[in-house]
Amino acid sequence: MWQHPFYRTSLGIIMVLTIIYLLSKVSFIFNPLVTLVSILIVPLTISGFLYYLLRPIVQFLERKKLNRVLSILLIYVLFAGVITIFLIVVWPPLRRQIIEFMNNVPKMINGLQTQFNDIRDNRYLSMVTNETSPELMSKVTEYLNSAMEAISGYLSHVVTFLNDFVIVVGTVPILLYYMLKEDERVTPLLVRMLPSRYRRDGASVIHEIDNMLKGFIAGRMISAMLLAFMSFIGFWLIGLPYPLLLAVVGALFNFIPYFGALLGAIPCVIVAFTVSPSMVFWVIVIVVVAQQIEGNLISPYIYGKTINIHPLTTIVLLLVAGDFGGILGMILAIPVYMMLKIIVLKAHKLYFAEKIEELTESNP
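Residues numbered from 1 in each chain as written. Predicted model: local features only at pLDDT ≥ 70, side-chain atom pairs only at ≥ 80, totals over all residues. Heavy atoms only, no water.

K.L.:
So what exactly am I meant to see when it comes to the overall build of the protein here?
P.N.:
Secondary structure assignment for the protein yields 13 helices and zero strands. Order of helices (α) and strands (β) in the protein, N terminus to C terminus: α-α-α-α-α-α-α-α-α-α-α-α-α. Within the protein, the proportion of its 364 residues that are buried is 31%. When contacts within the protein are restricted to residue pairs at least 6 apart in sequence, long-range pairs at least 24 apart make up 76% of them. Carbon and sulfur atoms form 71% of the exposed surface of the protein, whose accessible area is close to 23500 Å². (Helix = DSSP H or I, 4+ residues; strand = E, 2+ residues; numbered from the N terminus. Buried < 20%, exposed > 50% of the residue type's maximum accessible area, 1.4 Å probe, protein only. Contact = heavy atoms within 4.5 Å. Areas by Shrake-Rupley, 256 points an atom, 1.4 Å probe, with all protein chains shown as cover.)

K.L.:
Please clarify how the pattern of salt bridges should be interpreted in this entry.
P.N.:
Between side chains of opposite charge, pairing is possible as soon as their charged atoms come close. Scanning the entire structure with this criterion turns up five salt bridges. Across the pair R55 and D210 runs a salt bridge whose closest N-O atoms are separated by 3.0 Å. In this pair, R55 sits in helix α2 (residues 31-63) while D210 sits in helix α9 (residues 199-238), placing the two residues 155 residues apart along the sequence. Considered together, R55 and D210 belong to a single accessibility category, that of buried residues. The partner of E62 in a salt bridge is R68, and the shortest N-O contact between them spans 2.8 Å. What makes E62 partly exposed here is its relative accessible area of 26%. Judged by relative accessible area, R68 falls into the buried class, the value being 11%. A network of salt bridges, in which partner residues are shared, links R55, D183 and D210. (Salt bridge = Lys/Arg side-chain N within 4 Å of Asp/Glu carboxyl O.)

K.L.:
Is there a simple way to explain the confidence of the model for the protein in this structure?
P.N.:
Detailed reading of predicted coordinates is not advised where the pLDDT is low. Confidence in the prediction for the protein averages 76 pLDDT; 74% of positions are at 70 or higher. Mean pLDDT in the protein bottoms out at helix α5 (residues 123-132), which sits at 51, and peaks at α9, which reaches 85. (pLDDT = per-residue confidence, 0-100.)

K.L.:
Just to check I follow, could you spell out the environment of L227 for this structure?
P.N.:
Note that L227 resides in helix α9. Residues L227 and V287, 60 residues apart in the sequence, show an inter-C-alpha distance of 9.2 Å. Excluding anything up to four places from it in sequence, L227 contacts G250, N254, A290, Q291 and E294.

K.L.:
Looking at this structure, I do not really get the environment of R95. What am I missing?
P.N.:
Summarising the element assignment, R95 is placed in helix α3 (residues 68-103). Through-space distance from the C-alpha of R95 to that of L244 is 10.0 Å; in sequence the pair is 149 residues apart.

K.L.:
Sorry, what's going on with the packing of α9 against helix α10 (residues 243-253) here?
P.N.:
The angle between the axes and the distance between the axes are what describe a pair of packed helices. As a packed pair, α9 and α10 sit with axes 8 Å apart at the nearest point and diverge in direction by 150°. In this view, α9 runs roughly antiparallel relative to α10, as classed from their interaxial angle. Classified by chirality, the crossing of α10 by α9 is right-handed. Contact with α9, carried on its side by A224, L227, A228, S231, F232, F235 and W236, involves P243, L244, L246, A247, G250 and A251 of α10 and no other residues of that element. Residues of the contact of α9 with α10, tallied by class, amount to eleven nonpolar, two polar and no charged. (Axes fitted to C-alpha atoms, helices over the stretch in contact; angles between N-to-C directions. Parallel < 35°, antiparallel > 145°, perpendicular 65-115°, else oblique. Left-handed = near helix turned anticlockwise from the far one by under 90°. Nonpolar A, V, L, I, M, F, W, Y, C, P; charged D, E, K, R; others polar.)

K.L.:
Got a minute to help me understand the packing of aromatic side chains in this structure?
P.N.:
What describes a pair of aromatic rings is the distance from one ring centre to the other and the angle between the planes of the rings. Evaluated as defined, the whole model comprises three aromatic pairs. Centroid distance F281 to W282: 5.2 Å. Interplanar angle 70°. Geometry classified as edge-to-face. On the accessibility criterion, W282 (46% relative accessible area) is partly exposed. (Phe/Tyr/Trp six-rings, centres within 6.5 Å; stacked < 30°, edge-to-face > 60°.)

K.L.:
Where do I start with the nonpolar core in this structure?
P.N.:
Proteins that are soluble and globular tend to have nonpolar side chains buried together. Of all hydrophobic cores here, the largest spans 22 residues; its most connected members are L176 and L180. Taken together, the elements giving at least two residues each to this core come down to α2, α3, α7 (166-181), α9 and α13 (311-362). In contact with L176, other than residues within four places in its own chain, are S47, L50, Y51, L54 and Y76. Residues L94, F235, V271 and F273 belong to the second largest nonpolar core, which totals 21 residues. (Core = buried A, V, L, I, M, F, W, Y, C linked by side-chain atoms within 4.5 Å.)

K.L.:
What am I meant to see in the packing of α2 against α9 here?
P.N.:
Look at α2 against α9: their axes get within 9 Å of each other, and the N-to-C directions meet at 90°. Looking at the two axes, α2 sits roughly perpendicular to α9. Contacts from G48, F49, Y52, L53 and R55 of α2 reach α9 at D210, L213, K214, I217, A218 and M221. In terms of residue class, the contact of α2 with α9 is made up of seven nonpolar, one polar and three charged.

K.L.:
Looking at this structure, I do not really get a nonpolar patch on the surface. What am I missing?
P.N.:
On the surface, I19, L23, F28, I29, F30, L33, V34, L36 and V37 cluster together into a nonpolar patch covering about 850 Å² of accessible area. For the nonpolar patch, the secondary structure elements donating two or more residues are α1 (5-25) and α2. Checked against the element boundaries, F28 lands in the loop between α1 and α2. (Patch = residues over 30% accessible without salt bridge, like charges linked within 9 Å, V, L, I, M, F, W, Y side chains within 5 Å.)

K.L.:
Is there a simple way to explain helix α11 (residues 259-273) in this structure?
P.N.:
Residues separated by three or four positions in an α-helix point in the same direction, a consequence of the helix having 3.6 residues per turn. For α11, built from 15 residues, the straight-helix expectation of 21 Å at 1.5 Å per residue is met to within 8% by its first-to-last C-alpha distance of 21 Å. The complete set of buried residues in α11 reads G260, G264, A265, P267, C268, I270, V271, A272 and F273. (Expected span 1.5 Å × (residues − 1).)

K.L.:
Looking at this structure, I do not really get unusual backbone geometry. What am I missing?
P.N.:
Where the residue is not glycine, phi is negative for most of them; where a peptide bond is considered, it is trans in most cases. Of note, the phi angle at K65 is positive, near 70°, even though the residue is not glycine. With a phi angle near 55°, Y242 is a residue other than glycine that sits in the positive phi range. Within the element layout of this structure, Y242 appears in the loop between α9 and α10. Judged by relative accessible area, Y242 falls into the buried class, the value being 9%.

What follows is the structure, encoded as structure tokens:
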């Protein structure tokens, strides 16, 4: 009876559920590990991001006969110079705009109320709103007020996060240094951990994952910078308040596929509505044009065929990852999925290759 596939499958499911149940009873054993991961996830993510951005520079300097350690130290000096320029040139106006934005939130909420009152009093639009629902405008105003307060809260958290970024500042340079220094030793070490018959395929998988991450991270960085530049120029030309802040927010959200464009446009539209409805129109035009240029001209050229995921799969991944890990989960969802996809496809290919080989040997 136990040789029947149904009973074997049922027994396997029961064993897995039993293991999960027993692990839930001793969850306190894993609490230190969970705490460690929650502390290191952000430094590791930033270090990995910078690693893929700076590794080509280290390799270029090595080809110029410069020692790897000296190359890394030289990059650190140049990187420190870039950060210094950022703190001197970009951060003061950006910080000023963040503080000004948070201080002006009550005034902007009053501006929203004024704009909606003007729309409600418009004789053409009032007929539409009165026929649909008399509470429509008040509900929209309430939602926008909540959104404005949420944005203000997020920005205050960002300022606090940057001011208390001790762990990241202390760990990222160290992690990044060893990532760059031990770069050429990692792949052979991982390959040696595999059984000898799988080492060749394992090296191929690691190489494929490496190329995917390199293309994804570099592409996202270049796209975000170009999008921020285009958005800032457009917002500055139309006279939108806080153009640098809103352009940076939009660029950061651009790291999230699909949803990032919408999330980044929401604060721009809300701020524009505090000025005038016509400003909303021009902001939407700028956001759409910038997103179209980035999505149809820049991204295909940068990514090529590195990222090949069905849009529906991407949306499901982002929804699930956002529910579990918030913004960080949405940013990591695509690269993690791509890594797992590469590994699963290679394992599936090897499994069927072994099955075919067994059938060939059994039926000469």
